[in-house]
Amino acid sequence: MSESPREPARTLELLPAVDVRDGQAVRLVHGESGSETAYGDPLQAALAWQSAGAEWLHLVDLDAAFGTGDNRARIAEVTRAMEIKVELSGGIRDDDTLAAALATGCRRVNLGTAALETPEWVAKVIAEHGDKIAVGLDVRGTTLRGRGWTRDGGDLYETLERLDAEGCARYVVTDINKDGTLKGPNLELLRNVCAATDRPVVASGGVSSLDDLRAIAGLVPEGVEGAIVGKALYAKAFTLEEALEAVSS
Ligand SMILES: O=C(O)c1ccccc1NCC(=O)[C@H](O)[C@H](O)COP(=O)(O)O
């Protein structure tokens, strides 16, 4: 085992996103319910990213995140069909939803609201499941947002310090103001989070170009491990093959 939770710097991992609402792959703007653009069958989207060479899939149950139902069966079907690693997000907040998520065979889950509202439970599952648990730090400014990003949930850096102390293995950091906008990632936020923790960070939200991915890849030595890419792939700003090539050196 390495002394630091961070592995030595290496190639940026790319996680194409499939966000599921009402059974369909969609993209939102700023994560806002009602701002959906639909992109069809989530399984077809996921299989396309896998065929294009992805090693990870970021799969989100938006209905579970918003409390408007769930896509549990669809999410399980997609996860089971994947040969690549899957990170599951959205509405995982208690023993039942965590057990259902892990039973799909996903590689890890991303907890958001629970880390803000039920910190004792999150500490317990971090202790039980180790690096199968990541925490999503979804922020506007430095204020965390939960319940599908609709409610304030405390200060980013105070929460990060607490989760670090509890042994959280990694963080998925999203600037909500950038998410789904194609306005570019918040590199300053990523740098600041990397400076505040020794755990790996997965960047999410706003990627619009190959240059954005190269800029995030430039933060690998500071602790960024991966980047989630949603809208840019669906909008065909670049292909996943081009993205993988751009971050491969
Ligand atoms: O991940 C969640 O739990 C979530 C909850 C509520 C709204 C959105 C949520 N996730 C969105 C994503 O993870 C996006 O797929 C990701 O940030 C990609 O963003 P972009 O590249 O800007 O499309």
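How each quantity is defined
Residues numbered from 1 in each chain as written. Predicted model: local features only at pLDDT ≥ 70, side-chain atom pairs only at ≥ 80, totals over all residues. Heavy atoms only, no water. UniProt positions renumbered as here; feature names shortened; annotations may be inferred. Salt bridge = Lys/Arg side-chain N within 4 Å of Asp/Glu carboxyl O. Helix = DSSP H or I, 4+ residues; strand = E, 2+ residues; numbered from the N terminus. Buried < 20%, exposed > 50% of the residue type's maximum accessible area, 1.4 Å probe, protein only.

- The name an unreviewed UniProt entry assigns to the protein is Phosphoribosyl isomerase A, from the organism Streptomyces ovatisporus.
- UniProt, in the comment section headed Sequence similarities (unreviewed entry), describes the protein in these words: "Belongs to the HisA/HisF family."
- Word for word, the UniProt comment on the protein under Function (unreviewed entry) is "Involved in both the histidine and tryptophan biosynthetic pathways."

## Considering the pattern of salt bridges
Stage number 1. Counted by the stated rule, this structure contains 18 salt bridges.
Stage number 2. One salt bridge connects arginine 10 with glutamate 225, and the closest N-O pair in it is separated by 3.6 Å. Linking arginine 10 in the segment before β1 (13-21) with glutamate 225 in strand β12 (residues 224-229), this pair joins segments that are 215 residues apart in sequence.
Stage number 3. We classify arginine 10 as partly exposed; its relative accessible area is 44%.
Stage number 4. Residue aspartate 131 is joined to arginine 107 by a salt bridge in which the shortest nitrogen-to-oxygen separation is 3.2 Å. Of this pair, aspartate 131 sits in the loop between α6 (119-129) and β7 (133-140) while arginine 107 is found in the loop between α4 (95-103) and β6 (108-111), placing the two residues 24 residues apart along the sequence.
Stage number 5. With relative accessibility at 37%, the residue aspartate 131 sits in the partly exposed group.

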